[in-house]
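Now for the letters of each chain:
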Amino acid sequence: MSDRIWDGVRERVAALGRANSSIFGMQGHRFELDPVLSPGEVAELEAQIGTSLPADYRAFLLEVGAGGAGPSYGLFPVRRVDGRWRWDGDGADLTELGRLAEPFPARGPDRELLAALRAEEPDEDEFDDEDEFDLVYEAWDERYTAVWWSDDLTAGAAAICHLGCAMRQWLVITGPHGGRIWSDDRVDRAEMTPLLDDSGAPVTFTRWYLNWLDEAERLTSPEREPAT
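To keep things clear, this report deals only with the structure shown in the data block.

**As for unusual backbone geometry**
Line of reasoning, step 1. A positive phi angle, near 55°, is found at Cys165, a position not held by glycine.
Line of reasoning, step 2. The phi angle at Arg189 is positive, at roughly 60°, despite the residue not being glycine.
Line of reasoning, step 3. The class of Arg189 is partly exposed, set by a relative accessible area of 37%.

Here's what the structure looks like:
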């Protein structure tokens, strides 16, 4: 891709705002972008997390904005809070900032352990006392959560987008999958998976963002045929 891939993107997003586009999720970002970060600020962020950001995402922060308008409810902005950098958004706190330098594992939880835990899930119908069931279920859920939502599964990645209903997307920062987007539907008991395009190729941050922008413009175009 061209080194100038982000040329004009900020202006295109602003034009969508002026066009009063009403695509999914726009109520969360209203086609507004945070200001760009300075090279010094990006360098400070990278020093804090102990690793370099994917090149295309780094360029986005420098040339387009720190976050805001983007796929679904928007791109979680990077902000300095109390002297430390972090991503800000619904679920952004799932990002383990201290583990972003670790290679992303690109795997799910231990399937045998997970299957055993699910087989042990308490059944409310087997309890005469509701309070007893609540206590047993709470203990089981704590064990299940430790496996299913383990920080080990998302080391080296940052949550950057909320899709609604606790479903999110992650940008892999480090490891062989660096720069790619992964989908997180664990709330529906589905393992995290790489986001793929129609040809089955992994979707990079650049393609993820520009696909959204292209589609938003298509849906806003006056030449678009009305829905039937």
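**Examining the pairing of strand S4 (residues 167-172)**
Residues in a regular strand project their side chains so that they alternate between the two faces of the sheet.
Line of reasoning, step 1. Extensive coverage of S4 is indicated by the burial of five of its six residues.
Line of reasoning, step 2. Across six bridges, strand S3 (residues 157-164) lies against S4 in antiparallel orientation. By the bridge assignment for S4, Gly164 is matched with Met167.
Line of reasoning, step 3. Linkage of S3 to S4, two consecutive antiparallel strands, is achieved through a turn of two residues, within which Cys165 is found at a positive phi near 55°.
Line of reasoning, step 4. Taken together, the four bridges between S4 and strand S5 (residues 181-184) define a ladder with antiparallel strand orientation. The residue bridging Gln169 from the neighbouring strand is Ser183, located in S5.

**Quick look at the packing of aromatic side chains**
Line of reasoning, step 1. Scanning all chains against the criterion turns up 17 aromatic pairs.
Line of reasoning, step 2. Taken together, a centroid distance of 5.7 Å and an interplanar angle of 40° make the contact between Phe205 and Trp208 tilted. Here the residue Phe205 and the residue Trp208 both occupy positions in helix H7 (residues 205-220), the gap between them amounting to three residues, near one helical turn. Trp208 shares its class with Phe205; the two are buried.
Line of reasoning, step 3. Put simply, the rings of Trp6, Phe31, Tyr57, Phe60, Phe205, Trp208, Tyr209 and Trp212 touch in pairs and so form one group of aromatic residues.

**Notes on the sheet that holds S4**
Line of reasoning, step 1. Read from one edge of the open sheet, four strands run S3-S4-S5-S6, paired in antiparallel fashion. Edge strands, defined here as strands with exactly one partner in the open sheet, are S3 and strand S6 (193-194).
Line of reasoning, step 2. Note that S5 and S6 share two bridges and pair antiparallel. By the bridge assignment, Trp182 is partnered in S6 with Pro194.

**Considerations on the nonpolar core**
Line of reasoning, step 1. Counting 48 residues, the largest nonpolar core has Trp87, Ile160, Phe205 and Tyr209 as the members making the most contacts within it.
Line of reasoning, step 2. In terms of residue count, the dominant contributor to this core is H7 (seven residues).
Line of reasoning, step 3. Other than its neighbours up to four places away in sequence, Phe205 contacts Trp6, Asp56, Tyr57, Phe60, Leu75, Ile160, Leu171, Gly179 and Ile181.
Line of reasoning, step 4. Judged by nonpolar contacts, the second largest core, of six residues, contains Leu114, Trp140, Tyr144 and Val147.

**Let's talk about helix H1 (residues 9-18)**
Since the α-helix advances by 3.6 residues per turn, residues separated by three or four positions end up pointing in the same direction.
Line of reasoning, step 1. All buried positions along H1 are accounted for by Val9, Val13 and Leu16. Projection of H1 onto a plane perpendicular to its axis shows the buried side chains occupying an angular sector of 55°, all on one side. The exposed set on the far side of H1, more than 90 degrees from its buried face, consists of Glu11 and Arg18.
Line of reasoning, step 2. Following H1 by one or two positions, Asn20 has its phi on the positive side, about 55°.

**A short note on the side chain of Ser183**
Line of reasoning, step 1. Within the secondary structure, Ser183 sits in strand S5.
Line of reasoning, step 2. Take Ser183: its relative accessible area is 12%, and that puts it in the buried class.
Line of reasoning, step 3. Once residues within four sequence positions are removed from consideration, Ser183 is found in contact with Arg168, Gln169, Met192, Thr193 and Leu195.

**Examining helix H6 (residues 130-148)**
Line of reasoning, step 1. Helix length check: H6, at 19 residues, gives a terminal C-alpha distance of 25 Å against a target of 27 Å (1.5 Å per residue), a fit within 8%.
Line of reasoning, step 2. Buried residues of H6: Phe133, Trp140, Tyr144, Val147 and Trp148, and no others. Projected down its long axis, H6 shows its buried positions confined to an angular sector of 75°, all on one face. Among the exposed residues of H6, those pointing more than 90 degrees away from its buried face are Asp131, Leu135, Glu138, Glu142 and Ala146.
Line of reasoning, step 3. Looking at the buried side of H6, the elements it contacts are helix H5 (111-119).

Cut-offs used in this document
Residues numbered from 1 in each chain as written. Predicted model: local features only at pLDDT ≥ 70, side-chain atom pairs only at ≥ 80, totals over all residues. Heavy atoms only, no water. Buried < 20%, exposed > 50% of the residue type's maximum accessible area, 1.4 Å probe, protein only. Helix = DSSP H or I, 4+ residues; strand = E, 2+ residues; numbered from the N terminus. Pairing = 2+ DSSP bridges. Phe/Tyr/Trp six-rings, centres within 6.5 Å; stacked < 30°, edge-to-face > 60°. Core = buried A, V, L, I, M, F, W, Y, C linked by side-chain atoms within 4.5 Å. Contact = heavy atoms within 4.5 Å. Arc of directions from axis to C-beta. Expected span 1.5 Å × (residues − 1).

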